[in-house]
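Commentary on secondary and tertiary structure
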Amino acid sequence: MKIITLALQEAQKIAAGEVVERPANSIKELLENSLDAGATKITLSLFEAGKKQIIITDNGSGMAPEDAQICFKRHTTSKIKTIDQLETITTFGFRGEALASICSVAKVTLTTKPQNSDQGIELTLENGTIIHEKIVGCQTGTTIIIDDLFYNVPARKKFLKSSTTEWNHILNLFKAFALDNSSVHFILKHNESVVYNCPPVGTMKERVRQLFDPKIAENSITFAPTETNGITLSGTLTTQNYARYDRGGLFFFVNSRWVKNYQLANALTKGYLNVLPSGRYPAAIISLTLDPTSVDINVHPKKEEVQFLKPRTVESAITAAVKTTLEQHLSRQLKRTVAFAPQQQEQQEEFRHPFIPMPPFENFQEIAPKVVPEEISLQEPVEQNQTEQIMPHQKTATEEAQKQQAVEQPGILIGQYRNTYLLLEKQDGLFLIDQHAAHERILYEQFSKRFNDVPIIELLFPHTVEINQHDMSLLEPHLHLFKEQGIVVEPISTDRLAIKATPVFFKNEPIDDIIQKMISWIKETNTINSEDFYKTITERLRAQMACKAAIKAGDRLSNEAMEQLLADLETINNRFTCPHGRPTSWFLSLNELERKFKRKL
Ligand code: ADP
Ligand code: MG
């Protein structure tokens, strides 16, 4: 074995491969440089997913010829002078490595002109050295052309993935930059066609609209910056009406840097528990700001990964913020304070008249508009409270969030459709509520709250249930579980049970079925951990009771009953799904409706 020192150029090529292992990495460095140079417009043109050519043009500060001549050397940076400045750095770059790396593995042309100069300079580099240089006329700013990435490192070039894969990396990166800098004009072109053109916008929601499927912006809500435990969080996230099969719609920014972090994505998904079915994901853009000393974004030269001093605190802040935002959003959608339109009032009177015969066609009655009587509208006080809840930090609220709240309109209860769905008219769409699923959830949450304290009614004539002896022996040790839920059951022989009391709301619901179900759960729950067993059985029992006692699909409801249901749904937890996981409500946005009818494109 013989140890040799690598030629500087060879060493540089190896090092470069680590920083710019794929086109997206080079592009990231270039975008960061443009932003560091104060650009307000950045155009990125690619050929073959950047493998063949990358051109980036910005209108930033540009460089004087003497700076341009050395910016490709290693450790050349205008951003720090000593390592002490790292703590307070506000630019993306500081290592002075990116341009050096890129030009050691690609052919590079740089054209640049600072504001105070009439002419610019154009430099052509190969293998890290300048091979041509000329004075040119050009706009203020910088254009960098990168040709044939890894042309001189075949081993790396071989590892470049298919154009589709590289392109997906670039798309994600581009979206992340555009999201995090909504006041910058970003343009992305691929093989000469414009893929995105995003002029500056004032709000995240508008930027989301520029970059994603219209469904995402339409079903997005924004939450204003709120601070917990030194972490300031803000974001835009999709509601229960949007779901996808992958995490590709999630973007996280920590102190204004895009980061990829599985834990953060998990924390966010946790906030959607009971909102989206498992295996489905939302789209969300979350920004975290925290003390730079409690986070390390520079753990990796590519600066994509992030390490927190207290990851749990950060994660629970995200979960909590997401949960609260979704809950409050649904509360606002459900709010049914009513502004009467005159002709609706007439109709209402018609319907309230006790001697009006039933309309001849059932369907007519089902969909005929009905309005909530004025006396049960919850105008002022609720509005006040809600405002407080939604905006605990209203002073720091972004304009966007305030605007969103200001346009939040009360809903009008249209009525019941097919005696199954409540229809609530909102300014921006139609809200549909499944009466059974919603009521099931309400009852379930109430049972869970009133643990051991359910109002019960003693039966004058205890109801008896026959079960076989084996089942009796299984069930007997767990009868206290029934009691905790307000069902008083006692064995009266080896194969007979007496039901002595039931929860008041249970009325005439048969208990036999619940007892049979309980036996089968006990048989199938083979956990040895008694705490888990207790929890599982109790949850199932509550869900079953809620199902039995809940309003059924097909039950005709009075206005008061509908109102009560909406009011209850507004206040309970986990109201997006019933205890079995079915959704309780669905929002059909006006936009979606208008697109369906081709009123809008
Ligand atoms: P770093 O960004 O870490 O300083 P780079 O190698 O990315 O290192 O860039 C070196 C220097 O070149 C920067 O510090 C900056 O002064 C200059 N530079 C690079 N790109 C641009 C640009 N688009 N506009 C103006 N100056 C630039
Ligand atoms: Mg840089």
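Residues numbered from 1 in each chain as written. Chains lettered and ligands numbered in written order. Predicted model: local features only at pLDDT ≥ 70, side-chain atom pairs only at ≥ 80, totals over all residues. Heavy atoms only, no water.

**Things to note about the site of ligand 1**
Around ligand 1 sit 20 residues, and of these N33, T77, S78, K79 and G96 come closest. The separation between an oxygen atom of ligand 1 and a polar side-chain atom of T77 is 2.6 Å. Here an oxygen atom of ligand 1 sits 3.0 Å away from a polar atom, N or O, in the main chain of L99. The protein chains hide 93% of the 540 Å² of surface that ligand 1 would expose on its own. At the level of elements, α2 (23-36) and α4 (98-105) are the ones that each hand at least two residues to the shell around ligand 1. Looking at the shell around ligand 1 residue by residue, the classes come out as six nonpolar, ten polar and four charged. (Near = heavy atom within 4 Å. Polar contact = N/O pair within 3.5 Å; in protein donor to acceptor, adjacent residues only side chain to side chain. Areas by Shrake-Rupley, 256 points an atom, 1.4 Å probe, with all protein chains shown as cover. Helix = DSSP H or I, 4+ residues; strand = E, 2+ residues; numbered from the N terminus. Nonpolar A, V, L, I, M, F, W, Y, C, P; charged D, E, K, R; others polar.)

**Side note on the nonpolar core**
If you look at the biggest cluster of nonpolar residues, it comprises 60 residues, and the most contacted ones within it are I146, L179 and F186. Here this core gets nine residues from one element, more than from any other, and that element is helix α6 (residues 163-180). Aside from chain neighbours lying at most four places away, what touches F186 is L31, L35, I42, F174, F177, A178, N181, Y196, N197, C198 and R207. Counting 48 residues, the second-largest nonpolar core is a separate cluster that includes F252, A284, L334 and I572. (Core = buried A, V, L, I, M, F, W, Y, C linked by side-chain atoms within 4.5 Å. Buried < 20%, exposed > 50% of the residue type's maximum accessible area, 1.4 Å probe, protein only. Contact = heavy atoms within 4.5 Å.)

**What about the sheet that holds strand β21 (residues 496-503)?**
Adjacent strands of a sheet form backbone hydrogen bonds with each other and so pair up, either parallel or antiparallel. Spatially, β19-β21-β20 is the arrangement adopted by the three strands of the open sheet, whose pairing is antiparallel. Every interior strand has two partners, whereas the edge strands, β19 (456-466) and β20 (488-493), have only one. Strand after strand, the sheet turns through a mean of 20 degrees between neighbouring axes, direction not considered. As defined by bridge partners, β20 adjoins β21 across five bridges and the pair is classed as antiparallel. Residue pairing in the sheet places P491 in a bridge with L497 of β21. (Pairing = 2+ DSSP bridges. Axes fitted to C-alpha atoms, helices over the stretch in contact; angles between N-to-C directions.)

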